[in-house]
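# A closer look at the structure
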Amino acid sequence: NLGSLTAPLLTGYLQTRISFHAGFLAAAIGMFCGLVVYAIKRKKNLGLAGRNVPNPLTKPELKKFGLISGGIILLFLIYLLILQLNNALTLENFSFLITILGIVLPIYIFINMIASKDVTKDERSRVYSYIPLYITSVAFWMIQEQGSTILATFADKKTQLEMSVLTNGLIDFSIPSAWAQSLNPIFIVVLAPIFATLWMKLGKHNPPTVYKFAIGVIVAGLSYLVMIIPLATGVELINPLWLVLSFLLITIGELCISPVGLSTTTKLAPVTFTARMMSLWMLSNATAQGLNAQLVVVYTKIHPSDYSIHSGSFTVVIGILLLILSP
(Lines give C-alpha, C1' and ligand atoms only; values in the text may rest on other atoms or scores of the structure.)
Protein backbone atom coordinates (compact mmCIF):
# COMPACT_ATOMS: atom_id res chain seq x y z
CA ASN A 1 0.00 0.00 0.00
CA LEU A 2 2.95 2.35 0.53
CA GLY A 3 3.90 1.59 -3.08
CA SER A 4 0.34 2.23 -4.24
CA LEU A 5 0.37 5.49 -2.29
CA THR A 6 3.67 6.78 -3.71
CA ALA A 7 3.42 5.65 -7.34
CA PRO A 8 0.44 7.82 -8.50
CA LEU A 9 1.91 10.88 -6.77
CA LEU A 10 5.17 10.50 -8.69
CA THR A 11 3.85 9.35 -12.08
CA GLY A 12 0.92 11.79 -11.99
CA TYR A 13 3.24 14.72 -11.31
CA LEU A 14 5.64 13.69 -14.10
CA GLN A 15 2.77 13.11 -16.55
CA THR A 16 1.25 16.57 -16.03
CA ARG A 17 4.52 18.52 -15.65
CA ILE A 18 6.65 16.78 -18.31
CA SER A 19 4.86 14.07 -20.37
CA PHE A 20 3.27 10.64 -20.33
CA HIS A 21 6.65 9.22 -21.38
CA ALA A 22 8.24 10.54 -18.18
CA GLY A 23 5.59 8.80 -16.08
CA PHE A 24 6.15 5.48 -17.85
CA LEU A 25 9.94 5.94 -17.58
CA ALA A 26 9.63 6.37 -13.79
CA ALA A 27 7.65 3.11 -13.63
CA ALA A 28 10.30 1.30 -15.72
CA ILE A 29 13.14 2.59 -13.51
CA GLY A 30 11.21 1.58 -10.38
CA MET A 31 10.62 -1.95 -11.67
CA PHE A 32 14.28 -2.28 -12.66
CA CYS A 33 15.40 -1.21 -9.17
CA GLY A 34 12.97 -3.71 -7.63
CA LEU A 35 14.40 -6.50 -9.79
CA VAL A 36 17.97 -5.60 -8.81
CA VAL A 37 17.11 -5.63 -5.07
CA TYR A 38 15.32 -8.98 -5.51
CA ALA A 39 18.30 -10.52 -7.34
CA ILE A 40 20.80 -9.32 -4.73
CA LYS A 41 18.78 -10.12 -1.59
CA ARG A 42 16.76 -13.22 -2.50
CA LYS A 43 19.30 -15.87 -1.37
CA LYS A 44 19.91 -14.19 1.97
CA ASN A 45 16.33 -13.23 2.81
CA LEU A 46 14.16 -15.76 0.95
CA GLY A 47 16.32 -18.88 1.04
CA LEU A 48 14.38 -21.86 -0.29
CA ALA A 49 10.95 -20.26 0.25
CA GLY A 50 8.55 -21.48 -2.41
CA ARG A 51 10.91 -24.16 -3.77
CA ASN A 52 9.66 -27.00 -1.57
CA VAL A 53 6.33 -28.26 -2.97
CA PRO A 54 4.49 -30.28 -0.29
CA ASN A 55 2.22 -32.23 -2.67
CA PRO A 56 3.61 -32.12 -6.22
CA LEU A 57 1.56 -33.46 -9.11
CA THR A 58 2.27 -37.05 -10.13
CA LYS A 59 3.28 -37.85 -13.71
CA PRO A 60 -0.26 -39.02 -14.68
CA GLU A 61 -1.70 -35.85 -13.12
CA LEU A 62 0.84 -33.72 -14.97
CA LYS A 63 -0.09 -35.42 -18.26
CA LYS A 64 -3.81 -34.87 -17.62
CA PHE A 65 -3.21 -31.24 -16.63
CA GLY A 66 -1.08 -30.71 -19.75
CA LEU A 67 -3.77 -32.12 -22.05
CA ILE A 68 -6.52 -30.01 -20.45
CA SER A 69 -4.36 -26.85 -20.58
CA GLY A 70 -3.40 -27.53 -24.20
CA GLY A 71 -7.06 -28.07 -25.12
CA ILE A 72 -8.10 -24.79 -23.49
CA ILE A 73 -5.30 -22.87 -25.23
CA LEU A 74 -6.27 -24.44 -28.57
CA LEU A 75 -9.95 -23.48 -28.11
CA PHE A 76 -8.87 -19.95 -27.19
CA LEU A 77 -6.73 -19.64 -30.34
CA ILE A 78 -9.58 -21.01 -32.50
CA TYR A 79 -11.92 -18.41 -30.98
CA LEU A 80 -9.47 -15.62 -31.80
CA LEU A 81 -9.02 -16.97 -35.34
CA ILE A 82 -12.79 -17.04 -35.91
CA LEU A 83 -13.05 -13.45 -34.70
CA GLN A 84 -10.17 -12.43 -36.99
CA LEU A 85 -11.70 -14.12 -40.05
CA ASN A 86 -14.97 -12.29 -39.37
CA ASN A 87 -13.22 -8.94 -38.79
CA ALA A 88 -14.53 -8.99 -35.21
CA LEU A 89 -11.23 -9.16 -33.28
CA THR A 90 -11.87 -6.04 -31.20
CA LEU A 91 -11.14 -5.03 -27.63
CA GLU A 92 -14.89 -5.14 -26.86
CA ASN A 93 -15.24 -8.76 -28.03
CA PHE A 94 -12.08 -9.81 -26.19
CA SER A 95 -13.26 -8.17 -22.94
CA PHE A 96 -16.63 -9.89 -23.39
CA LEU A 97 -14.82 -13.26 -23.47
CA ILE A 98 -13.00 -12.36 -20.23
CA THR A 99 -16.36 -11.44 -18.67
CA ILE A 100 -17.84 -14.83 -19.65
CA LEU A 101 -14.79 -16.65 -18.23
CA GLY A 102 -15.10 -14.66 -15.00
CA ILE A 103 -18.67 -15.95 -14.60
CA VAL A 104 -18.26 -19.54 -15.85
CA LEU A 105 -15.03 -20.47 -14.03
CA PRO A 106 -16.29 -19.88 -10.46
CA ILE A 107 -19.53 -21.76 -11.21
CA TYR A 108 -17.49 -24.70 -12.50
CA ILE A 109 -15.21 -24.68 -9.43
CA PHE A 110 -18.16 -24.54 -7.02
CA ILE A 111 -19.93 -27.45 -8.78
CA ASN A 112 -16.69 -29.43 -8.93
CA MET A 113 -16.11 -29.07 -5.17
CA ILE A 114 -19.71 -29.75 -4.16
CA ALA A 115 -19.90 -32.87 -6.35
CA SER A 116 -16.51 -34.23 -5.23
CA LYS A 117 -16.45 -37.50 -3.25
CA ASP A 118 -13.47 -36.12 -1.28
CA VAL A 119 -15.68 -33.45 0.32
CA THR A 120 -17.51 -34.38 3.52
CA LYS A 121 -21.08 -33.36 4.36
CA ASP A 122 -19.89 -30.65 6.78
CA GLU A 123 -17.37 -29.33 4.25
CA ARG A 124 -20.06 -29.25 1.55
CA SER A 125 -22.25 -27.20 3.90
CA ARG A 126 -19.41 -24.70 4.34
CA VAL A 127 -18.94 -24.46 0.57
CA TYR A 128 -22.66 -23.64 0.19
CA SER A 129 -22.32 -20.96 2.88
CA TYR A 130 -19.42 -19.44 0.95
CA ILE A 131 -21.55 -18.80 -2.17
CA PRO A 132 -23.41 -15.71 -0.82
CA LEU A 133 -20.10 -14.39 0.53
CA TYR A 134 -18.59 -14.87 -2.93
CA ILE A 135 -21.44 -12.95 -4.59
CA THR A 136 -21.07 -10.17 -2.02
CA SER A 137 -17.33 -10.06 -2.68
CA VAL A 138 -17.98 -9.69 -6.42
CA ALA A 139 -20.44 -6.84 -5.76
CA PHE A 140 -17.89 -5.10 -3.55
CA TRP A 141 -14.95 -5.44 -5.96
CA MET A 142 -17.17 -4.17 -8.77
CA ILE A 143 -17.37 -0.89 -6.85
CA GLN A 144 -13.81 -0.88 -5.49
CA GLU A 145 -12.05 -1.63 -8.78
CA GLN A 146 -13.92 1.18 -10.54
CA GLY A 147 -11.63 3.52 -8.62
CA SER A 148 -9.03 3.05 -11.35
CA THR A 149 -11.50 3.35 -14.24
CA ILE A 150 -14.72 5.30 -13.70
CA LEU A 151 -13.58 7.32 -10.66
CA ALA A 152 -10.29 8.02 -12.45
CA THR A 153 -12.26 9.42 -15.40
CA PHE A 154 -14.48 11.32 -12.95
CA ALA A 155 -11.40 12.87 -11.29
CA ASP A 156 -10.04 13.88 -14.68
CA LYS A 157 -13.21 15.22 -16.33
CA LYS A 158 -15.73 16.11 -13.61
CA THR A 159 -13.61 17.37 -10.68
CA GLN A 160 -12.25 20.86 -10.02
CA LEU A 161 -8.47 20.35 -9.78
CA GLU A 162 -7.32 23.99 -9.90
CA MET A 163 -6.32 25.05 -6.38
CA SER A 164 -6.52 28.71 -7.44
CA VAL A 165 -10.28 28.26 -7.94
CA LEU A 166 -10.74 26.25 -4.73
CA THR A 167 -8.76 28.73 -2.58
CA ASN A 168 -9.82 31.99 -4.28
CA GLY A 169 -6.34 32.53 -5.70
CA LEU A 170 -4.48 31.77 -2.46
CA ILE A 171 -2.73 28.67 -3.87
CA ASP A 172 -1.70 28.44 -7.53
CA PHE A 173 -1.39 24.72 -8.17
CA SER A 174 -3.04 22.23 -10.54
CA ILE A 175 -3.70 18.85 -8.90
CA PRO A 176 -2.83 15.91 -11.21
CA SER A 177 -5.96 13.76 -11.60
CA ALA A 178 -3.79 10.64 -11.11
CA TRP A 179 -3.30 11.68 -7.47
CA ALA A 180 -6.83 10.46 -6.78
CA GLN A 181 -5.41 6.93 -7.09
CA SER A 182 -3.36 7.54 -3.93
CA LEU A 183 -6.46 8.17 -1.80
CA ASN A 184 -7.35 4.49 -1.30
CA PRO A 185 -3.87 3.38 -0.14
CA ILE A 186 -3.53 6.51 2.06
CA PHE A 187 -6.76 5.62 3.87
CA ILE A 188 -5.73 1.96 4.16
CA VAL A 189 -2.39 2.87 5.76
CA VAL A 190 -4.14 5.24 8.19
CA LEU A 191 -7.24 3.16 9.00
CA ALA A 192 -5.96 -0.45 8.96
CA PRO A 193 -4.35 -0.21 12.44
CA ILE A 194 -7.53 1.45 13.76
CA PHE A 195 -9.75 -1.32 12.40
CA ALA A 196 -7.40 -4.04 13.68
CA THR A 197 -7.48 -2.45 17.14
CA LEU A 198 -11.27 -2.07 16.98
CA TRP A 199 -11.84 -5.78 16.20
CA MET A 200 -9.50 -6.74 19.07
CA LYS A 201 -11.08 -4.36 21.58
CA LEU A 202 -14.59 -5.57 20.75
CA GLY A 203 -13.59 -9.08 21.86
CA LYS A 204 -16.69 -11.29 22.08
CA HIS A 205 -18.75 -8.41 20.67
CA ASN A 206 -16.68 -8.47 17.47
CA PRO A 207 -19.29 -8.83 14.67
CA PRO A 208 -19.26 -12.14 12.76
CA THR A 209 -17.65 -12.28 9.34
CA VAL A 210 -20.96 -12.29 7.46
CA TYR A 211 -21.91 -8.99 9.14
CA LYS A 212 -18.54 -7.48 8.20
CA PHE A 213 -19.12 -8.51 4.58
CA ALA A 214 -22.59 -6.96 4.60
CA ILE A 215 -21.40 -3.74 6.25
CA GLY A 216 -18.47 -3.52 3.82
CA VAL A 217 -20.58 -3.83 0.69
CA ILE A 218 -23.28 -1.45 2.01
CA VAL A 219 -20.66 1.22 2.82
CA ALA A 220 -19.10 0.69 -0.63
CA GLY A 221 -22.54 1.26 -2.19
CA LEU A 222 -22.90 4.47 -0.18
CA SER A 223 -19.61 5.68 -1.69
CA TYR A 224 -21.44 5.96 -5.02
CA LEU A 225 -24.75 7.18 -3.61
CA VAL A 226 -23.08 10.20 -1.92
CA MET A 227 -21.86 11.35 -5.34
CA ILE A 228 -25.48 12.02 -6.30
CA ILE A 229 -25.42 15.11 -4.02
CA PRO A 230 -22.75 17.14 -5.88
CA LEU A 231 -23.94 15.88 -9.27
CA ALA A 232 -27.47 17.09 -8.49
CA THR A 233 -26.23 20.69 -8.14
CA GLY A 234 -25.58 20.86 -11.86
CA VAL A 235 -22.08 22.33 -11.51
CA GLU A 236 -19.69 21.35 -14.27
CA LEU A 237 -16.78 20.53 -11.93
CA ILE A 238 -17.41 19.28 -8.38
CA ASN A 239 -15.29 19.92 -5.29
CA PRO A 240 -12.55 17.22 -4.96
CA LEU A 241 -13.56 16.65 -1.32
CA TRP A 242 -16.56 14.67 -2.62
CA LEU A 243 -14.15 12.35 -4.41
CA VAL A 244 -12.09 12.07 -1.20
CA LEU A 245 -15.26 11.11 0.71
CA SER A 246 -16.14 8.49 -1.91
CA PHE A 247 -12.69 6.88 -1.68
CA LEU A 248 -12.85 7.01 2.13
CA LEU A 249 -16.13 5.06 2.16
CA ILE A 250 -14.80 2.52 -0.36
CA THR A 251 -11.72 1.99 1.82
CA ILE A 252 -13.83 1.46 4.96
CA GLY A 253 -15.75 -1.19 3.01
CA GLU A 254 -12.50 -2.77 1.85
CA LEU A 255 -11.18 -3.00 5.42
CA CYS A 256 -14.38 -4.82 6.42
CA ILE A 257 -14.16 -7.35 3.58
CA SER A 258 -10.67 -7.88 2.17
CA PRO A 259 -8.64 -8.96 5.25
CA VAL A 260 -11.41 -11.13 6.76
CA GLY A 261 -12.25 -12.55 3.32
CA LEU A 262 -8.86 -14.23 3.03
CA SER A 263 -9.20 -15.72 6.50
CA THR A 264 -12.79 -16.88 5.96
CA THR A 265 -11.90 -18.51 2.64
CA THR A 266 -9.30 -20.76 4.28
CA LYS A 267 -11.63 -21.57 7.22
CA LEU A 268 -14.51 -22.64 4.97
CA ALA A 269 -12.32 -24.52 2.48
CA PRO A 270 -12.58 -28.33 2.24
CA VAL A 271 -9.29 -29.95 3.24
CA THR A 272 -8.78 -31.35 -0.27
CA PHE A 273 -9.50 -28.05 -2.01
CA THR A 274 -7.82 -25.36 0.12
CA ALA A 275 -5.84 -23.95 -2.81
CA ARG A 276 -8.85 -24.12 -5.13
CA MET A 277 -10.98 -22.27 -2.58
CA MET A 278 -8.33 -19.54 -2.41
CA SER A 279 -8.43 -19.31 -6.21
CA LEU A 280 -12.19 -18.65 -5.86
CA TRP A 281 -11.44 -15.67 -3.62
CA MET A 282 -9.09 -14.31 -6.29
CA LEU A 283 -11.68 -15.06 -8.98
CA SER A 284 -14.24 -12.88 -7.17
CA ASN A 285 -12.04 -9.93 -8.12
CA ALA A 286 -11.61 -11.26 -11.67
CA THR A 287 -15.37 -11.70 -12.06
CA ALA A 288 -15.88 -8.14 -10.84
CA GLN A 289 -13.26 -6.81 -13.26
CA GLY A 290 -14.92 -8.65 -16.14
CA LEU A 291 -18.33 -7.21 -15.28
CA ASN A 292 -16.75 -3.77 -14.90
CA ALA A 293 -15.52 -4.01 -18.49
CA GLN A 294 -19.18 -4.01 -19.53
CA LEU A 295 -20.22 -1.38 -16.96
CA VAL A 296 -17.67 1.12 -18.29
CA VAL A 297 -19.58 1.05 -21.58
CA VAL A 298 -22.82 1.76 -19.69
CA TYR A 299 -21.15 4.69 -17.87
CA THR A 300 -20.35 6.39 -21.19
CA LYS A 301 -24.01 6.20 -22.29
CA ILE A 302 -25.92 7.50 -19.24
CA HIS A 303 -25.66 10.48 -16.89
CA PRO A 304 -23.09 10.03 -14.07
CA SER A 305 -25.77 10.58 -11.39
CA ASP A 306 -27.95 7.81 -12.88
CA TYR A 307 -24.94 5.50 -12.95
CA SER A 308 -24.17 6.30 -9.30
CA ILE A 309 -27.77 5.61 -8.26
CA HIS A 310 -27.94 2.25 -10.06
CA SER A 311 -24.47 1.00 -9.00
CA GLY A 312 -24.76 2.19 -5.41
CA SER A 313 -28.32 0.91 -4.92
CA PHE A 314 -27.50 -2.52 -6.40
CA THR A 315 -24.55 -2.96 -4.02
CA VAL A 316 -26.50 -1.79 -0.96
CA VAL A 317 -29.31 -4.26 -1.79
CA ILE A 318 -26.75 -7.10 -1.99
CA GLY A 319 -25.53 -6.16 1.51
CA ILE A 320 -29.08 -6.06 2.93
CA LEU A 321 -29.89 -9.46 1.38
CA LEU A 322 -26.74 -10.89 2.97
CA LEU A 323 -27.87 -9.62 6.38
CA ILE A 324 -31.25 -11.32 5.85
CA LEU A 325 -29.53 -14.57 4.81
CA SER A 326 -26.92 -14.43 7.60
CA PRO A 327 -28.73 -16.76 10.08
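Residues numbered from 1 in each chain as written. Predicted model: local features only at pLDDT ≥ 70, side-chain atom pairs only at ≥ 80, totals over all residues. Heavy atoms only, no water.

Within an unreviewed UniProt entry, the label attached to the chain reads MFS transporter, and the organism entered is Staphylococcus gallinarum.

Our next topic: helix H9 (residues 209–225). A rise of 1.5 Å per residue sets the reference length of H9, with its 17 residues, at 24 Å; its end C-alpha atoms lie 24 Å apart and thus fit the reference within 8%. Among all positions of H9, only Lys-212, Phe-213, Ala-214, Gly-216, Val-217, Ile-218, Val-219, Ala-220, Gly-221, Ser-223 and Tyr-224 are buried. (Helix = DSSP H or I, 4+ residues; strand = E, 2+ residues; numbered from the N terminus. Expected span 1.5 Å × (residues − 1). Buried < 20%, exposed > 50% of the residue type's maximum accessible area, 1.4 Å probe, protein only.)

Within soluble globular proteins, side chains that are nonpolar tend to cluster in buried spots. Ranked by size, the top nonpolar core spans 57 residues in total, and within it Met-113, Tyr-130, Leu-243 and Leu-280 carry the most contacts. Going through the elements one at a time, helix H4 (91–115), helix H5 (121–144), helix H6 (150–157), helix H8 (183–202), H9, helix H11 (240–268), helix H12 (274–299) and helix H13 (304–325) are the ones with two or more residues in this core. The biggest single contributor to this core is H5, with ten residues. Not counting chain neighbours up to four residues away, the residues in contact with Leu-243 comprise Leu-151, Phe-154, Ala-155, Thr-159, Ala-180, Leu-183 and Met-227. (Core = buried A, V, L, I, M, F, W, Y, C linked by side-chain atoms within 4.5 Å. Contact = heavy atoms within 4.5 Å.)

Let us now look at the domain arrangement of the chain. Looking at the chain, the domain boundaries give domain 1 (1–54) and domain 2 (117–326). Relative placement of domain 1 and domain 2: their C-alpha centres are 25 Å apart. With ten residues of domain 1 at the contact, the number on the domain 2 side is eleven residues. Between domain 1 and domain 2, the buried area comes to about 880 Å², and carbon and sulfur atoms account for 70% of it. Counting across the domain 1 and domain 2 interface gives zero salt bridges. Of the residues belonging to the side of domain 1 that touches domain 2, the class tally is five nonpolar, four polar and one charged. (Domains from an automatic or database assignment. Buried area = accessible area lost by both parts, 1.4 Å probe. Salt bridge = Lys/Arg side-chain N within 4 Å of Asp/Glu carboxyl O. Nonpolar A, V, L, I, M, F, W, Y, C, P; charged D, E, K, R; others polar.)

Summed over the entire model, instances satisfying the criterion amount to nine aromatic pairs. Ring geometry for Phe-76 against Phe-94: centres 6.2 Å apart, planes inclined by 70°, an arrangement best described as edge-to-face. Separated by 18 residues along the polypeptide, Phe-76 in helix H3 (residues 59–85) and Phe-94 in helix H4 bring together distant segments of the chain. The partly exposed category is assigned to Phe-76, whose relative accessible area is 32%. Aromatic rings pair up to connect Phe-110, Tyr-130 and Tyr-134 into one cluster. Sitting above the plane of the Trp-199 ring, Lys-212 keeps its charged end 4.2 Å from the centroid. (Phe/Tyr/Trp six-rings, centres within 6.5 Å; stacked < 30°, edge-to-face > 60°. Lys NZ or Arg CZ within 6 Å of the ring centre and 35° of its normal.)

Following the UniProt record, one finds the feature "transmembrane region" (unreviewed entry) at residues 20–40, 65–82, 94–115, 127–144, 178–198, 210–231, 237–256 and 307–325. Secondary structure within residues 65–82 divides into 100% helix and 0% strand; the distance between the first and last C-alpha atoms comes to 26 Å. Secondary structure within residues 178–198 divides into 76% helix and 0% strand; the distance between the first and last C-alpha atoms comes to 32 Å. (UniProt positions renumbered as here; feature names shortened; annotations may be inferred.)

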